[in-house]
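As a plain string of letters, each chain reads:
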Amino acid sequence: MLTVDDGWESNEANIVEIAAKYEVPVAIFVSTQPVEEGTFWWSYFNLWTTGSSSKGIEALKKVPNCERLAVVNKIKKRYTLTREAMTIEQVYKISLSSVVTIGGHTHSHPVLTNCEERQVYQELNISKRKLESWINKEVAYFAYPNGNYGTREVQALKDSGYKLAFSNVPQYLTRQKLIHVFELPRIGLLEGASLAENICRMVGVWHPTINNIKKLFTNSSSPSSNAVDHKIEKANIGILEK
Ligand SMILES: [Zn+2]
């Protein structure tokens, strides 16, 4: 089974049509605010930093959600982007395919673990209600934005009527793993990665190898990645204040 996150406009031609042709089931986890507005928040950030600061985006994923929103909302006012997310009509159209299941992915695609509890429930409820009204079907499945979750997010999903959720933990989905239906693992493939890297990811050798390499660097005398991220975070937020 394939799962795809966010709800990109190109998913219809690149994934749904091919999945339908080969009868491969595909779950598409859609964030509802990008569908309504046309764009994803990180695209504004990419444009602002002319695509040179993927680490800046990673830093923004680590600050409290209200701080991320303050930065992104300031940048949003400066740019107009062309649509990159599906339209509501597209979400409805692909939901009619026998191979497609539409799932939730929050409303505004925050990192849920950076949100206040009230925001977590809002994000889950708004997106579920909107998706269900767009496709006239129950939306019971979910994928955590950025893969971040804890016991609070699992409880909020249960309280909001979801029945199953995917994490980004790169492991095979075994019978044993099915016991924890709100923490289902999945192996991610990257659009920008080489075919060789994606094959390594699929067969399960990518992450163990990369983790060992990371350990080598962590043990060296270079500053910790957290310290680096913190500096980038401060630098990016500082630039905005100019
Ligand atoms: Zn996502």
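Bear in mind the structure is a predicted one, so any value in this text is a computation, not a measurement.

J.: Summarise the nonpolar core; cite the residues concerned and give the values.
T.: Counting residues in each nonpolar core, the largest one holds 29 residues, and the members touching the most others are Ile28, Val91, Ile102, Leu124, Phe142, Tyr144 and Leu157. Those elements giving two or more residues to this core turn out to be α1 (11-22), β2 (26-30), α6 (88-95), β3 (100-104), α7 (117-135) and α8 (151-159). Of the residues forming this core, the biggest block, five residues, is contributed by α7. Among all residues touching Tyr144, those that are not within four sequence positions of it are His105, Leu112, Tyr149, Glu153, Val154, Leu157, Ala165, Phe166, Ser167, Asn168 and Phe182. Formed by 13 residues, the second largest nonpolar core is a distinct cluster that contains Tyr44, Ile57, Val72 and Ala85.

J.: Could you give an account of the packing of aromatic side chains, naming the residues involved and the relevant values?
T.: Tallied over the entire structure, the rule returns eight aromatic pairs. With centroids separated by 5.0 Å and ring planes inclined at 15 degrees, the aromatic side chains of Phe40 and Trp42 adopt a geometry described as stacked. No difference in accessibility class separates Phe40 from Trp42, as the two residues are buried. Here Phe142 and Tyr144 contribute two aromatic rings whose centre-to-centre distance is 5.5 Å and whose plane-to-plane angle is 80 degrees, an arrangement assigned as edge-to-face. Each member of the pair Phe142 and Tyr144 is classed as buried. Each residue in the set Trp8, Phe40, Trp41 and Trp42 is aromatic and connected to the rest through ring pairs, giving one cluster. The aromatic ring of Trp41 is capped on one face by Arg68, whose charged end is 4.7 Å from the ring centroid. Directly above the aromatic system of Tyr162 lies the positively charged group of Lys128, at a separation of 5.7 Å from the ring centroid.

J.: An account of α6 is requested, with residue identities and associated values reported.
T.: Every buried residue of α6 is accounted for by Gln90, Val91, Ile94 and Ser95. Burial along α6 is one-sided: seen end-on, the buried residues are contained in an arc of 135 degrees. For α6, the exposed residues lying more than 90 degrees away from the buried face are Glu89 and Lys93. Against the buried residues of α6 lie α1, β2, α2 (32-37), β3 and α7.

What counts, and where the lines are drawn
Residues numbered from 1 in each chain as written. Predicted model: local features only at pLDDT ≥ 70, side-chain atom pairs only at ≥ 80, totals over all residues. Heavy atoms only, no water. Core = buried A, V, L, I, M, F, W, Y, C linked by side-chain atoms within 4.5 Å. Buried < 20%, exposed > 50% of the residue type's maximum accessible area, 1.4 Å probe, protein only. Helix = DSSP H or I, 4+ residues; strand = E, 2+ residues; numbered from the N terminus. Contact = heavy atoms within 4.5 Å. Phe/Tyr/Trp six-rings, centres within 6.5 Å; stacked < 30°, edge-to-face > 60°. Lys NZ or Arg CZ within 6 Å of the ring centre and 35° of its normal. Arc of directions from axis to C-beta.

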